[in-house]
Amino acid sequence: MGDSVNRISRIAGAVLGTAALTVALAACGGDSLEGSKKGSGSSGGSGSGGATAGGKGSLVVGAAAFTEAKVLAELYAQSLEAAGYSVSITTVKNRELYEPSLEKGEIDVVPEYAATIAEFLNAKANGPKAPEEKPVATGDAAATVEALKKLAEPRGLKVLAVGDAVDQNAFAVTKEFAAKNKLTTLSDLGRSKLKVKIAAGDECAVRPFCAPGLKKTYGIDVTGIDPKGVGTPQAKQAVKDGVDQLVLTTTTDATIDGYGLVFLTDDKKLQNADNVLPVVNAKDAGSPEIAAALDRLTRVLTTADLAELNRKVDAERAKPEDVAKAYLVEKGLVDK
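Residues numbered from 1 in each chain as written. Predicted model: local features only at pLDDT ≥ 70, side-chain atom pairs only at ≥ 80, totals over all residues. Heavy atoms only, no water.

(A) Expanded view of the pairing of strand 3 (residues 109-113). Across the five residues that make up strand 3, a large majority, five, are buried. Both faces of strand 3 are covered, namely the face carrying Val109, Pro111 and Tyr113 and the face carrying Val110 and Glu112. Two elements, strand 3 and strand 10 (residues 276-281), share five bridges in a ladder whose sense is antiparallel. The partner of Val109 across the bridge, within strand 10, is Val280. (Buried < 20%, exposed > 50% of the residue type's maximum accessible area, 1.4 Å probe, protein only. Helix = DSSP H or I, 4+ residues; strand = E, 2+ residues; numbered from the N terminus. Pairing = 2+ DSSP bridges.)

(B) Looking closely at the packing of helix 4 (residues 95-104) against helix 5 (residues 114-126). Remark: helix 4 packs on helix 5, axes separated minimally by 12 Å, with the N-to-C direction vectors making an angle of 80 degrees. Judged by the inter-axis angle, helix 4 sits roughly perpendicular to helix 5. Of the residues in helix 5, those touching helix 4 at Arg95, Glu96, Glu99, Pro100 and Glu103 are Thr116, Ile117, Phe120, Leu121 and Lys124. Residues of the contact of helix 4 with helix 5, tallied by class, amount to four nonpolar, one polar and five charged. (Axes fitted to C-alpha atoms, helices over the stretch in contact; angles between N-to-C directions. Parallel < 35°, antiparallel > 145°, perpendicular 65-115°, else oblique. Contact = heavy atoms within 4.5 Å. Nonpolar A, V, L, I, M, F, W, Y, C, P; charged D, E, K, R; others polar.)

(C) How the structure looks around the state of the cysteines. Under the defined criterion, the tally for this structure stands at one disulfide. A sulfur-sulfur distance of 1.9 Å marks the disulfide that ties Cys204 to Cys210. Between Cys204 and Cys210, the S-S torsion sits near -80 degrees, and that sign places the bridge as left-handed. Under the relative-accessibility criterion, Cys210 is labelled buried at 0%. (Disulfide = S-S within 2.5 Å.)

(D) Layout of the pairing of strand 6 (residues 195-200). Pairing analysis gives six bridges linking strand 6 to strand 7 (residues 221-227), with the strands arranged parallel. If you follow Val196 over to strand 7, its bridge partner there is Val222. Between the parallel pair strand 6 and strand 7, the chain is carried across by helix 10 (residues 211-218), and the sense of this crossover is right-handed. Examined bridge by bridge, strand 6 and strand 8 (residues 246-250) share two bridges and lie parallel to one another. Counted as the bridge partner of Ala199 is Val247 from strand 8. (Right-handed = clockwise from strand over helix to strand, strands pointing away.)

(E) Quick peek at the pattern of salt bridges. If you walk through the whole model with that rule in mind, you get 12 salt bridges. For Arg155, the salt bridge is made with Glu103, and the minimal N-O distance between the two is 3.4 Å. Here the residue Arg155 occupies a position in the loop between helix 7 (141-152) and strand 4 (157-159), and Glu103 occupies one in helix 4, the gap between them amounting to 52 residues. In this structure, the salt-bridge partner of Arg191 is Asp188, at a minimum N-O distance of 2.6 Å. Residue Arg191 and its partner Asp188 are both found in helix 9 (residues 186-192); the two are separated by three residues, about one turn of the helix. In this structure Arg191 comes out as exposed when scored by relative accessible area, which is 59%. Exposure remark for Asp188: the relative accessible area of 15% places this residue in the buried category. By sharing partners, the salt bridges in this structure join Glu99, Glu103, Lys124 and Arg155 into a single network. (Salt bridge = Lys/Arg side-chain N within 4 Å of Asp/Glu carboxyl O.)

(F) Region of interest: helix 5. For helix 5, spanning 13 residues, the distance from its first C-alpha to its last is 18 Å, which sits close to the expected 18 Å at 1.5 Å a residue. Helix 5 sits mainly inside the fold: 10 of its 13 residues count as buried. Along helix 5, the residues classified as buried are Ala114, Ala115, Thr116, Ile117, Ala118, Glu119, Phe120, Leu121, Asn122 and Ala123. Just downstream of helix 5, Gly127 is the residue with a positive phi angle, here 100 degrees. (Expected span 1.5 Å × (residues − 1).)

(G) Highlighting the side chain of Asn169. When you line up the elements, Asn169 lands in strand 5 (residues 169-174). Only 3.2 Å separates the side chain of Asn169 from the side chain of Gln271, close enough to count as a polar contact. (Polar contact = N/O pair within 3.5 Å; in protein donor to acceptor, adjacent residues only side chain to side chain.)

(H) Structural context of the sheet that holds strand 9 (residues 261-264). Pairing within the open sheet is mixed, and its five strands lie in the order 7-6-8-5-9. Each edge of the open sheet is held by one strand with a lone partner, namely strand 7 and strand 9. Adjacent strand axes in the sheet meet at a mean angle of 40 degrees, parallel and antiparallel pairs treated alike. Strand direction decides the pairing type here: strand 5 and strand 8, joined by four bridges, are antiparallel. Paired with Asn169 across the two strands is Thr250, which belongs to strand 8. Of the strands in this sheet, strand 5, strand 6, strand 7 and strand 8 are in contact with helix 10, which crosses strand 7 at around 165 degrees.

Set out below in structure tokens:
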């Protein structure tokens, strides 16, 4: 369960929200809503199994040590290799370590999450309380990326195009509960006036992106929190069994269908836009060729794709480099 546990621990901070971001910055390398996933893991470096002696120069792709980061790093590395670069992957413990390395050019490319990296840089630029008092991330991906660019460019970083793939907090109910009450969105749940208990981390009771946000934004009648963790099997099982009605997990959780659950759309954008995008060292990896190679991937990668790639690694024990290669071949982005 190694990678699965790492992924759950990474999202255990999902309900921290801006109120606890000061602590999250120190503990998890700047992770906000989905703290310990985005920037957690073991330290150390490892080369990409598919690295080639490309003719356009060498690049280093940085990755945190959880499943999704490994998969994204492989997707980036293999896309760049196909474009003629020699690429290695280095695994770094957390964002507080790899982001300065990206600024220095020790790492050239990192797969990032728009809202999380924006608030991390907001804290670096404006103090640790800035993400709480003057947040720059919102539920709008385009606006969040524009704010990110303004913070990244003075640090010698270039933010490449953002795509549709997003890994952020998500809430799910059983398919039967949704069908019976005609629910497809969180707004539907609010209008239903149904009482719900949420399976989540215990912080959900006080964090703005969880119970308080659901009440304020959607008018959802939250009767309590069942502290079974964020996206854990126990949390999803509790909803499946009818002990709880709503579970907090993430949009790239590929296991909810196995529990008979379905996501409710965050139609009022309560959650910040943690869309996946590459951030590069502008001097060493800011060329149009590198941007073009990564943009081809960004344009086709979806949230569902990312969830399925995660599932293959976590559930089927496939290697990240193998699932990345199969996906890129399937999408016509690299040769067999």
